[in-house]
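Architecture and fold: a report
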Amino acid sequence: MKLRFSHQRNQALTRTEAIVVVATLAVLFVLLLPALVPVHNGRQRINCISNLKQIGIAYRLWEGDNNDKYPMAVSVTNGGAMELVAIGNVAACFQVMSNELSTPKILVCPEDTHRVWATNFSTGFDNSHISYFVGLDATETNPQMFLSGDDNFAISGVPVKSGILPLFTNAPVTWTRARHKYVGGHIGMADGMVQQVTTSWLRIALTKTGIATNRLAIP
(Lines give C-alpha, C1' and ligand atoms only; values in the text may rest on other atoms or scores of the structure.)
Protein backbone atom coordinates (compact mmCIF):
# COMPACT_ATOMS: atom_id res chain seq x y z
CA MET A 1 0.00 0.00 0.00
CA LYS A 2 1.37 3.35 -0.99
CA LEU A 3 1.08 6.23 1.38
CA ARG A 4 -0.47 9.32 -0.10
CA PHE A 5 0.80 12.70 0.87
CA SER A 6 -1.27 15.82 0.50
CA HIS A 7 0.47 18.81 -0.92
CA GLN A 8 -2.20 21.19 0.54
CA ARG A 9 -1.06 23.44 3.35
CA ASN A 10 -3.17 24.53 6.31
CA GLN A 11 -3.56 28.23 5.85
CA ALA A 12 -4.28 30.79 8.58
CA LEU A 13 -7.20 33.19 8.29
CA THR A 14 -6.55 36.22 6.20
CA ARG A 15 -6.98 39.63 7.77
CA THR A 16 -10.27 40.13 5.94
CA GLU A 17 -11.60 36.78 7.15
CA ALA A 18 -10.56 37.56 10.73
CA ILE A 19 -12.38 40.89 10.58
CA VAL A 20 -15.51 39.15 9.28
CA VAL A 21 -15.38 36.62 12.14
CA VAL A 22 -14.93 39.34 14.77
CA ALA A 23 -17.74 41.43 13.25
CA THR A 24 -20.05 38.41 13.23
CA LEU A 25 -19.34 37.68 16.89
CA ALA A 26 -19.94 41.34 17.75
CA VAL A 27 -23.32 41.28 16.00
CA LEU A 28 -24.30 38.09 17.82
CA PHE A 29 -23.33 39.68 21.14
CA VAL A 30 -25.45 42.75 20.44
CA LEU A 31 -28.40 40.56 19.46
CA LEU A 32 -28.12 38.40 22.57
CA LEU A 33 -27.50 41.23 25.03
CA PRO A 34 -31.17 42.35 25.31
CA ALA A 35 -32.08 38.80 26.25
CA LEU A 36 -29.60 38.88 29.11
CA VAL A 37 -30.13 42.40 30.43
CA PRO A 38 -33.83 42.14 31.37
CA VAL A 39 -33.08 39.36 33.85
CA HIS A 40 -31.06 41.76 35.98
CA ASN A 41 -33.15 44.86 35.26
CA GLY A 42 -36.39 43.00 35.88
CA ARG A 43 -35.27 41.99 39.37
CA GLN A 44 -34.18 45.53 40.18
CA ARG A 45 -37.42 46.94 38.79
CA ILE A 46 -39.46 44.65 41.03
CA ASN A 47 -37.42 45.78 44.04
CA CYS A 48 -38.08 49.43 43.17
CA ILE A 49 -41.81 48.79 42.92
CA SER A 50 -41.70 46.99 46.26
CA ASN A 51 -39.93 49.99 47.82
CA LEU A 52 -42.60 52.39 46.60
CA LYS A 53 -45.41 50.12 47.80
CA GLN A 54 -43.88 50.02 51.28
CA ILE A 55 -43.50 53.80 51.22
CA GLY A 56 -47.15 54.12 50.19
CA ILE A 57 -48.21 51.93 53.11
CA ALA A 58 -46.17 54.07 55.49
CA TYR A 59 -47.95 57.19 54.24
CA ARG A 60 -51.35 55.59 54.76
CA LEU A 61 -50.49 54.40 58.25
CA TRP A 62 -49.19 57.83 59.22
CA GLU A 63 -52.15 59.77 57.86
CA GLY A 64 -54.50 57.35 59.61
CA ASP A 65 -53.11 58.62 62.91
CA ASN A 66 -53.00 62.28 61.84
CA ASN A 67 -56.49 63.33 60.82
CA ASP A 68 -56.20 61.77 57.36
CA LYS A 69 -53.37 64.07 56.33
CA TYR A 70 -49.94 63.22 54.97
CA PRO A 71 -46.80 64.70 56.63
CA MET A 72 -46.47 67.40 53.94
CA ALA A 73 -49.89 68.75 54.96
CA VAL A 74 -49.20 68.84 58.71
CA SER A 75 -47.20 71.61 60.36
CA VAL A 76 -43.88 70.82 62.02
CA THR A 77 -45.33 72.10 65.31
CA ASN A 78 -47.97 69.35 65.07
CA GLY A 79 -45.51 66.57 64.24
CA GLY A 80 -45.55 66.91 60.46
CA ALA A 81 -43.03 68.19 57.92
CA MET A 82 -45.01 70.76 55.93
CA GLU A 83 -42.66 73.74 56.24
CA LEU A 84 -39.51 71.68 55.73
CA VAL A 85 -40.59 69.65 52.74
CA ALA A 86 -41.99 72.83 51.12
CA ILE A 87 -38.41 74.08 50.78
CA GLY A 88 -37.12 70.77 49.39
CA ASN A 89 -36.17 68.92 52.58
CA VAL A 90 -37.45 65.52 51.46
CA ALA A 91 -35.57 63.73 54.24
CA ALA A 92 -37.69 65.51 56.87
CA CYS A 93 -40.84 63.92 55.46
CA PHE A 94 -39.45 60.41 55.79
CA GLN A 95 -37.97 61.11 59.20
CA VAL A 96 -41.46 61.96 60.41
CA MET A 97 -42.63 58.55 59.14
CA SER A 98 -39.63 56.62 60.46
CA ASN A 99 -41.82 54.54 62.77
CA GLU A 100 -43.93 53.42 59.81
CA LEU A 101 -40.97 52.70 57.50
CA SER A 102 -39.13 49.46 58.15
CA THR A 103 -35.69 50.73 57.12
CA PRO A 104 -34.17 53.72 55.26
CA LYS A 105 -32.84 51.22 52.73
CA ILE A 106 -36.19 51.21 50.92
CA LEU A 107 -35.76 54.91 50.12
CA VAL A 108 -33.05 54.15 47.55
CA CYS A 109 -33.93 52.68 44.16
CA PRO A 110 -31.76 49.61 43.41
CA GLU A 111 -30.84 51.15 40.05
CA ASP A 112 -29.89 54.56 41.44
CA THR A 113 -26.10 54.53 41.11
CA HIS A 114 -25.71 58.03 42.56
CA ARG A 115 -27.04 57.33 46.04
CA VAL A 116 -26.40 54.92 48.89
CA TRP A 117 -28.90 53.97 51.54
CA ALA A 118 -28.57 55.23 55.11
CA THR A 119 -28.23 52.98 58.13
CA ASN A 120 -30.72 54.97 60.22
CA PHE A 121 -33.09 57.95 60.08
CA SER A 122 -31.02 60.25 62.27
CA THR A 123 -27.22 60.28 61.90
CA GLY A 124 -26.30 61.83 58.57
CA PHE A 125 -29.71 61.15 57.07
CA ASP A 126 -30.49 63.67 54.31
CA ASN A 127 -31.66 63.94 50.70
CA SER A 128 -28.53 62.18 49.43
CA HIS A 129 -29.95 58.91 50.79
CA ILE A 130 -33.27 59.18 48.93
CA SER A 131 -34.22 58.29 45.34
CA TYR A 132 -37.91 59.16 45.46
CA PHE A 133 -39.77 62.45 45.23
CA VAL A 134 -42.52 63.62 47.60
CA GLY A 135 -45.78 64.85 46.11
CA LEU A 136 -46.56 68.00 48.06
CA ASP A 137 -50.18 68.21 46.90
CA ALA A 138 -51.11 64.55 47.27
CA THR A 139 -54.25 63.77 49.26
CA GLU A 140 -56.05 60.52 49.99
CA THR A 141 -59.25 61.96 48.53
CA ASN A 142 -57.63 62.24 45.08
CA PRO A 143 -56.25 58.75 44.36
CA GLN A 144 -54.65 59.71 41.01
CA MET A 145 -52.32 62.31 42.47
CA PHE A 146 -48.56 61.71 42.56
CA LEU A 147 -47.49 60.70 46.08
CA SER A 148 -44.00 59.34 45.45
CA GLY A 149 -41.87 57.87 42.71
CA ASP A 150 -38.57 57.89 40.84
CA ASP A 151 -37.05 61.36 40.75
CA ASN A 152 -35.05 61.10 37.50
CA PHE A 153 -37.13 63.59 35.51
CA ALA A 154 -35.99 65.89 32.74
CA ILE A 155 -37.72 69.02 31.47
CA SER A 156 -37.08 69.76 27.78
CA GLY A 157 -34.22 67.27 27.96
CA VAL A 158 -32.54 68.89 30.99
CA PRO A 159 -32.37 66.69 34.15
CA VAL A 160 -34.11 68.33 37.09
CA LYS A 161 -32.18 69.33 40.20
CA SER A 162 -32.92 68.94 43.89
CA GLY A 163 -35.66 71.26 45.08
CA ILE A 164 -39.31 71.97 44.29
CA LEU A 165 -40.45 70.93 40.82
CA PRO A 166 -43.81 72.35 39.65
CA LEU A 167 -45.12 70.01 36.96
CA PHE A 168 -47.78 71.55 34.73
CA THR A 169 -50.11 69.23 32.85
CA ASN A 170 -48.55 70.32 29.56
CA ALA A 171 -44.95 70.24 30.80
CA PRO A 172 -42.39 68.68 28.37
CA VAL A 173 -41.39 66.18 31.06
CA THR A 174 -39.55 62.93 30.32
CA TRP A 175 -37.65 60.26 32.19
CA THR A 176 -33.87 60.28 31.93
CA ARG A 177 -32.06 57.04 31.13
CA ALA A 178 -30.15 57.19 34.40
CA ARG A 179 -32.56 54.63 35.85
CA HIS A 180 -34.90 51.91 34.52
CA LYS A 181 -33.57 52.50 30.99
CA TYR A 182 -36.03 50.20 29.24
CA VAL A 183 -39.28 50.98 31.07
CA GLY A 184 -39.31 54.68 32.02
CA GLY A 185 -40.02 54.99 35.74
CA HIS A 186 -42.40 54.29 38.59
CA ILE A 187 -45.02 56.46 40.24
CA GLY A 188 -46.67 55.80 43.60
CA MET A 189 -50.22 57.15 43.63
CA ALA A 190 -52.10 58.63 46.56
CA ASP A 191 -54.28 55.51 46.76
CA GLY A 192 -51.21 53.31 47.38
CA MET A 193 -50.98 51.90 43.88
CA VAL A 194 -47.61 51.87 42.08
CA GLN A 195 -47.55 52.19 38.31
CA GLN A 196 -44.78 51.53 35.81
CA VAL A 197 -44.96 54.58 33.55
CA THR A 198 -43.38 55.37 30.18
CA THR A 199 -42.67 58.97 29.18
CA SER A 200 -45.83 59.22 27.10
CA TRP A 201 -47.98 57.79 29.89
CA LEU A 202 -46.26 60.07 32.41
CA ARG A 203 -47.71 63.08 30.62
CA ILE A 204 -51.13 61.46 30.46
CA ALA A 205 -50.95 60.61 34.17
CA LEU A 206 -50.31 64.28 34.92
CA THR A 207 -53.60 65.25 33.32
CA LYS A 208 -55.43 62.63 35.41
CA THR A 209 -54.30 64.10 38.73
CA GLY A 210 -57.09 66.65 38.51
CA ILE A 211 -54.96 69.72 39.22
CA ALA A 212 -53.14 72.07 36.83
CA THR A 213 -49.83 71.91 38.67
CA ASN A 214 -48.31 69.08 40.69
CA ARG A 215 -45.59 70.23 43.05
CA LEU A 216 -42.92 67.60 43.65
CA ALA A 217 -40.08 67.82 46.16
CA ILE A 218 -37.02 66.34 44.46
CA PRO A 219 -34.30 65.01 46.83
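None of these values were measured; they are calculated from a predicted model.

Here's the deal with the sheet that holds strand S6 (residues 173-175)
- With respect to topology, three strands assemble into an open sheet ordered S4-S3-S6, the strand pairing being antiparallel. The open sheet is flanked by strand S4 (158-159) and S6, the only strands paired with a single partner.
- Judged from the two bridges that link them, strand S3 (residues 153-155) and S4 form a sheet pairing that is antiparallel. Residue pairing across strands places Ile 155 opposite Val 158, the latter belonging to S4.
- Set on the sheet, helix H4 (residues 199-207) makes contact with S3 and S6; between it and S6 the angle comes to about 135°.

Describing the nonpolar core
- Counting 32 residues, the largest nonpolar core has Ile 55, Tyr 59, Met 72, Phe 94, Leu 101, Leu 107 and Val 134 as its most contacted members.
- Where this core is concerned, the elements lending two or more residues are helix H1 (15-64), helix H3 (90-96) and strand S1 (132-135).
- Per-element tally for this core: the top contributor is H1, with six residues.

Re the sheet that holds strand S2 (residues 146-150)
- Pairing within the open sheet is antiparallel, and its six strands lie in the order S5-S9-S1-S2-S7-S8. If you trace the sheet from one side to the other, it starts and ends with strand S5 (163-168) and strand S8 (194-197), each paired once. Each strand of the sheet is rotated relative to its neighbour by a mean of 25°, with strand direction disregarded.
- Sheet topology places S1 next to S2; three bridges connect them, and they run antiparallel. Residue pairing across strands places Tyr 132 opposite Asp 150, the latter belonging to S2.

Some thoughts on the pairing of strand S9 (residues 213-218)
- Inspection of the sheet shows S1 paired to S9 by two bridges, in the antiparallel sense. Each residue of the ladder has a partner; that of Val 134, found in S9, is Ala 217.
- Pairing of S5 with S9, which is carried by six bridges, proceeds in the antiparallel orientation. Across the sheet, Pro 166 pairs through a bridge with Arg 215, a residue of S9.

Re the pattern of salt bridges
- Applying the stated criterion across every chain yields a total of eight salt bridges.
- The salt bridge partner of Asp 151 is Arg 115, with a shortest N-O separation of 3.1 Å. Taken together, the residues Asp 151 in the loop between S2 and S3 and Arg 115 in the loop between H3 and S1 connect sequence positions 36 residues apart. With respect to burial, Asp 151 and Arg 115 carry one shared label: buried.
- One salt bridge connects Arg 179 with Asp 150, and the closest N-O pair in it is separated by 3.2 Å. Remark: Asp 150 occurs in strand S2 and Arg 179 occurs in the loop between S6 and strand S7 (185-189); sequence separation between them is 29 residues.
- Its relative accessible area of 5% is what places Arg 179 among the buried residues.

Scoring rules and cut-offs
Residues numbered from 1 in each chain as written. Predicted model: local features only at pLDDT ≥ 70, side-chain atom pairs only at ≥ 80, totals over all residues. Heavy atoms only, no water. Pairing = 2+ DSSP bridges. Helix = DSSP H or I, 4+ residues; strand = E, 2+ residues; numbered from the N terminus. Contact = heavy atoms within 4.5 Å. Axes fitted to C-alpha atoms, helices over the stretch in contact; angles between N-to-C directions. Core = buried A, V, L, I, M, F, W, Y, C linked by side-chain atoms within 4.5 Å. Buried < 20%, exposed > 50% of the residue type's maximum accessible area, 1.4 Å probe, protein only. Salt bridge = Lys/Arg side-chain N within 4 Å of Asp/Glu carboxyl O.

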